[in-house]
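Topology and contacts: notes
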Amino acid sequence: MKYLKLLMALIFFFTLISTSSYIAFADDDFGKHHEHYEWEYGKKEHIDNRYEDAGEMIGWGTVITFAVAGLIFPMRRLTKPMITTFPSIKQVYISITKFLGKYHILIGIATLILGISHGILMYLHEGRLEDEGVSGLVSIIVFTIAGVIGLMLFQNKKVKSLRTTHMTLIAFSIVIGLFHIFIS
């Protein structure tokens with residue numbers, strides 16, 4: 001049920017962004033030639049810019065949710081050194097680690113949905129798939145495969161090869177994603 005609620009919220013957010021109307025300002029008092037240009041040529045450019053702006057925003061949301069989902073690994077590895085070195089933060093640190101463990105899959109699904117939405121919006125803006133689009137697509141495909149293996153790991157936690165495969169694919173997805181960001 002939680003996954004359904006998250007999916008519905010993300011669909012609502014994507015629909016809200018992609019169907020917003022043209023914004024007119026009170027100081028749009030240009031001559032008739034400009035109004036003609038605005039309605040004939042400028043509207044498509046405005047819509048394309050809206051896709052680009054929304055796509056970039058969702059892209060950075062993807063990066064943030066990816067980082068939050070990935071925090072579980074270093075936090076679990078550093079639990080013992082952190083609580084022995086800083087005993088005053090033991091409760092807070094353990095609470096954050098439990099929260100990340102509880103919602104890791106949900107955050108990963110949100111990351112996948114945001115990444116796909118980012119790709120769709122940027123494709124709508126560009127009109128074609130360019131080099132940075134291909135690298136982003138490969139990153140999302142590798143991330144999806146890692147997510148499927150992660151769900152298999154969730155069902156069977158004793159198989160260490162699943163954990164290794166999951167983390168290796170996530171590392172590849174990070175490298176390809178960083179390449180995507182740097183060439184964009």
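The text that follows walks through the structure, step by step, so that each part is easy to find.

Procedures and definitions
- Residues numbered from 1 in each chain as written.
- Predicted model: local features only at pLDDT ≥ 70, side-chain atom pairs only at ≥ 80, totals over all residues.
- Heavy atoms only, no water.
- Helix = DSSP H or I, 4+ residues; strand = E, 2+ residues; numbered from the N terminus.
- Contact = heavy atoms within 4.5 Å.
- Buried < 20%, exposed > 50% of the residue type's maximum accessible area, 1.4 Å probe, protein only.
- Bend = angle between axes of the 7 residues up to and from the residue.
- Phe/Tyr/Trp six-rings, centres within 6.5 Å; stacked < 30°, edge-to-face > 60°.

Comments concerning the side chain of Thr-111
Within the secondary structure, Thr-111 sits in helix α5 (residues 90–126). If sequence neighbours within four positions are ignored, Thr-111 has contacts with Thr-62, Thr-65, Phe-66 and Phe-143.

Details of the environment of Phe-143
Mapped onto the elements, Phe-143 comes out in helix α6 (residues 131–155). For Phe-143, a relative accessible area of 11% gives the class buried. The spatial distance from the C-alpha of Phe-143 to the C-alpha of Leu-112 is 7.5 Å, given a sequence separation of 31 residues. Excluding residues that lie within four positions of it along the chain, Phe-143 makes contacts with Phe-66, Gly-108, Thr-111, Leu-112, Ile-170 and Ser-173.

Considering α5
Remark: the principal bend of α5, roughly 55 degrees, maps to Tyr-103. Within two residues after α5, Gly-127 carries a phi angle of roughly 85 degrees, on the positive side.

What about the packing of aromatic side chains?
Within the structure shown, the criterion is met by two aromatic pairs. Here the aromatic rings of Phe-66 and Phe-143 are separated by 5.1 Å at their centres, their planes lie at 40 degrees, and the arrangement is tilted. Within this pair, whereas Phe-66 is found in helix α2 (residues 32–70), its partner Phe-143 is found in helix α6, the two being separated by 77 residues in sequence. Taking the centre distance of 4.9 Å and the plane angle of 50 degrees together, the rings of Phe-99 and Tyr-103 count as tilted. With Phe-99 and Tyr-103 both in helix α5 and four residues apart, the pair spans about one turn of that helix.

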